[in-house]
Each structure stands twice: as structure tokens, then as C-alpha cells.
Amino acid sequence: LDFIMNAPTDNATSVKRPVTVLGLGPMGQALAGAFLAAGHPTTVWNRTASRADSLVAKGALRAGTPAEAVSASDLVVVCVLNYDAALSVLDAAGEATKGRTVVNLTADTPARAREAAAWAAAHGVTYLDGAIMTPTVTIGTPHAVYLYSGPEDAYEAHRETLNALAGTPTYLGEDPARAASHDVALLDLWWTSVSGLVHSFALARSQGVSATDLAPFAKNIGNLLTSFIDGLAKEADAGEYPGTESDLVSTATALAHIVHASEEAGLDASVLRAAQAVADRAVAEGHGHENVLGMLDTIAGAAGGVAAE
Ligand SMILES: NC(=O)c1ccc[n+]([C@@H]2O[C@H](COP(=O)([O-])OP(=O)(O)OC[C@H]3O[C@@H](n4cnc5c(N)ncnc54)[C@H](OP(=O)(O)O)[C@@H]3O)[C@@H](O)[C@H]2O)c1
């Protein structure tokens, strides 16, 4: 009897806890869809109300105002364009936000995440920040990747509901900005890599090589990058990067070849020129016999690469 009396009433096999999703762009729709599919009573609100229609057809509850939406659930997930939009929606909900837990899955900077946490503290809101590292089609599948940071007890309290989003969630610690810190660094890698890919397609095309013909070799480059990450990360943290296999003088020269080839073909080489300029400056600053990580100090500049709190 004691066992039955103490049994949790809201475990995974019984009651699914309600959740509210504010923001129904492509990502907000995917998030709300995953909560719904997992059986959570899901209340949705979006500035443009019609974007809720298909979710409502699948059983979501439409809220007329942010306040109504926030009042429906202890857990409120926000996913809009940026933090200005997120805070304006939460502000519009007024007193209704008090005592709720907000998980902000909107992407923005670490500084904005700290500001949002301060806003939450001033409004009696428990605040978790999060970042989604994979596209909408992954949400609710094993391929999704999520990062969370903020108060651990709040994360634990809502972990089961958040697990409805599937994939791999990682809790990164109490600092609310830690998820955004990972997010911006990873998006830095993603967007510089993607601009590199697009530029390489343009350069190949200028020489009569189609993107499809280049693709198998491009994939090798992608794999090569992956295979280098752990070793370079270790060296970056240790602060020692000997250029025994290839040094920065050699890298800067290779960059110059690609810039020349691009410009000879009449292409915009401004992104490559910027990379070349950093490599040249690092060589001038005495890092020529280190590997590519010799550019780290040059990129970090006088601030040493550490943001002011
Ligand atoms: N899409 C992806 O694959 C992906 C992947 C990872 C992370 N993310 C992140 O997820 C967040 C949402 O992305 P998204 O793809 O859904 O599209 P989005 O275009 O970044 O955001 C669209 C949403 O923001 C709302 N919005 C914009 N300005 C607003 C304002 N001033 N007040 C209230 N609502 C406002 C829109 O409302 P209306 O419908 O009324 O315009 C819509 O709900 C972004 O931070 C994005 O970086 C997206």
C-alpha cells in the first residue's frame, strides 16, 4: 500500500504534463508537433495566428494571447526569431509568466542569454536557455541535438517533457549563457564551412567542374575536417601547436593560390582574402612555424579572446 501511495502520478506511462509553445515558425511548429505526437497537452500561440492551424487540426490548443498561452502550462517553450522577439512575447504575457519555467530555444548571443536570465529573475520566472543544433526535420527523431543551460533542478523537473523532443539533449551547467556559447561557436563553424562549400562549388564551376562531380571529393574534405577536430582541440587547449606536418607559412601560401585562382576566374574572393589576411598577420606576428592554430592568438587579439562578463 505504501508503495502505491508514494507512486509518482506524472510518470512517463501515466499523465503527460502540459506544455506551451510560443512561436510557430518552422522550428516552433516542429517542437509543438513533437510534444503533441508524444501525447503532451500542447497549447500554442503565434503572432500570426494562422500558423497554428495545422497543429490545432492535430489536437493542439490555440491560445488567443501570450498570457492565455502561458497560463495553460507550467512549462513554456519559446522559439522565435531572436531574443528581442522572445522577450516582447513574454512581456506581453505580463503577470501570467510569474512562477512558470521558460525554456528559450530561440538562438541569439551569450550576452542576450544572460539578459534574458536577468529578465526572468526580475519577473519571478525560472529560466532555462537552450539551443537546437539540428534542422526542423530532425525534431522528434533520434537525429535531433539540443543543448540546455540554467538551473539544474529546473532542467531535471522538466527533463521528461523535454525528452518528448527526442534526439540527444545535453545539459551544460548552471550558467544560462553556456548553451548559447556553444551555439554561436558551432554556428561559426557551420557557416564558415558552408560558405567554403558554396565558394568551392563556384570555383569548380568556373573551371568547368560541376558541383556533383566535385561532391565525392568534397565529402573527403568534410571527413578530414572531422578527423582533425579532437587533435586540434587538444592542442588549442594546451596552447602548443607545432607545425611539424604543415606550418602556417605553407598554409598562407596555399590560401594565396586559391585567392589568385578565384580572382583569375572573376569570382568574389572576399571571404578567402579575409582568411588569408589573418594567416598573413599571424605569420608576421611570429606564428609561421606553428600549425593552423597559430592563427588563434591573432584572432583573439588584444582581448585574449575572452568576453567581458
Ligand atoms: N529552422 C531551423 O532549422 C532552425 C534550426 C536551429 C535553430 N533554429 C532557431 O529557432 C528559432 C526559430 O526559427 P524558425 O526556423 O522557426 O524561424 P524564424 O524565422 O527564425 O522565426 C519565426 C518565428 O518568430 C516569430 N517572430 C518574429 N518576430 C517576432 C516578433 N517581433 N514578435 C513575435 N514573434 C515574432 C514569427 O512569428 P510570425 O509567424 O508572426 O512571423 C515566427 O513564429 C531561431 O532562433 C532559429 O535560429 C532554427
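Scroll up to find the structure this text is about.
Every value quoted in this text rests on a predicted model; they were computed, and no experiment measured them. (Residues numbered from 1 in each chain as written. Predicted model: local features only at pLDDT ≥ 70, side-chain atom pairs only at ≥ 80, totals over all residues. Heavy atoms only, no water.)

Trainee: How would you summarise the pairing of strand S6 (residues 126-132) if you had to cite specific residues and measurements?
Mentor: With respect to burial, S6 is a largely interior element, six of its seven residues being buried. Looking at chain direction, strand S5 (residues 101-104) and S6 are connected through four bridges and run parallel. Along S6, the bridge assignment pairs threonine 101 with threonine 126. In the classification by handedness, the crossover that spans S5, the intervening helix H6 (residues 110-122) and the parallel S6 is right-handed. Across four bridges, S6 lies against strand S7 (residues 145-149) in antiparallel orientation. Note that in S7 the partner of alanine 131 across the bridge is leucine 147. (Buried < 20%, exposed > 50% of the residue type's maximum accessible area, 1.4 Å probe, protein only. Helix = DSSP H or I, 4+ residues; strand = E, 2+ residues; numbered from the N terminus. Pairing = 2+ DSSP bridges. Right-handed = clockwise from strand over helix to strand, strands pointing away.)

Trainee: An account of the side chain of histidine 158 is requested, with residue identities and associated values reported.
Mentor: Assignment of secondary structure puts histidine 158 in helix H7 (residues 152-162). Exposure remark for histidine 158: the relative accessible area of 7% places this residue in the buried category. What histidine 158 contacts, discounting residues up to four positions off in sequence, is Arg17, Leu75 and Thr101. (Contact = heavy atoms within 4.5 Å.)

Trainee: Which residues make up the side chain of aspartate 129, and what are the values?
Mentor: Looking at where aspartate 129 falls in the secondary structure, it is placed in strand S6. For the buried aspartate 129, no salt bridge exists, and the shortest N-O distance to an oppositely charged side chain is 9.7 Å, to arginine 112. In this structure the side chain of aspartate 129 is engaged in a polar contact, spanning 2.6 Å, whose partner is the side chain of tyrosine 83. Not counting residues within four places of it along the chain, the set of residues in contact with aspartate 129 comprises Tyr83, Asn104, Ala113, Leu147, Tyr148, Ser149, Pro176, Ala179 and Ala180. (Lys, Arg positive; Asp, Glu negative; His and termini not counted. Salt bridge = Lys/Arg side-chain N within 4 Å of Asp/Glu carboxyl O. Polar contact = N/O pair within 3.5 Å; in protein donor to acceptor, adjacent residues only side chain to side chain.)

Trainee: How would you sum up the pattern of salt bridges? Please name residues and give values.
Mentor: One pass over the full model with this rule turns up seven salt bridges. Across the pair aspartate 175 and arginine 114 runs a salt bridge, and its minimum N-O distance is 3.8 Å. Remark: arginine 114 occurs in helix H6 and aspartate 175 occurs in the loop between strand S8 (168-171) and helix H8 (178-206); sequence separation between them is 61 residues. Owing to a relative accessible area of 29%, arginine 114 belongs among the partly exposed residues under this scheme. Linking glutamate 263 and arginine 273 is a salt bridge whose minimum nitrogen-to-oxygen distance equals 2.7 Å.

Trainee: Would you mind going over the nonpolar core in detail, with residue names and values included?
Mentor: Membership of the largest hydrophobic core comes to 30 residues, with the highest contact counts inside it found for Leu31, Ile139 and Leu165. Only strand S1 (19-22), helix H2 (26-37), strand S4 (75-78), S6, S7 and H7 provide two or more residues apiece to this core. If you tally residues by element for this core, the top one is H2, at seven residues. Ignoring any residue separated from it by four or fewer positions in sequence, one finds isoleucine 139 in contact with Met27, Ala30, Leu31, Ala34, Ile132, Ala144, Tyr146 and Leu165. (Core = buried A, V, L, I, M, F, W, Y, C linked by side-chain atoms within 4.5 Å.)

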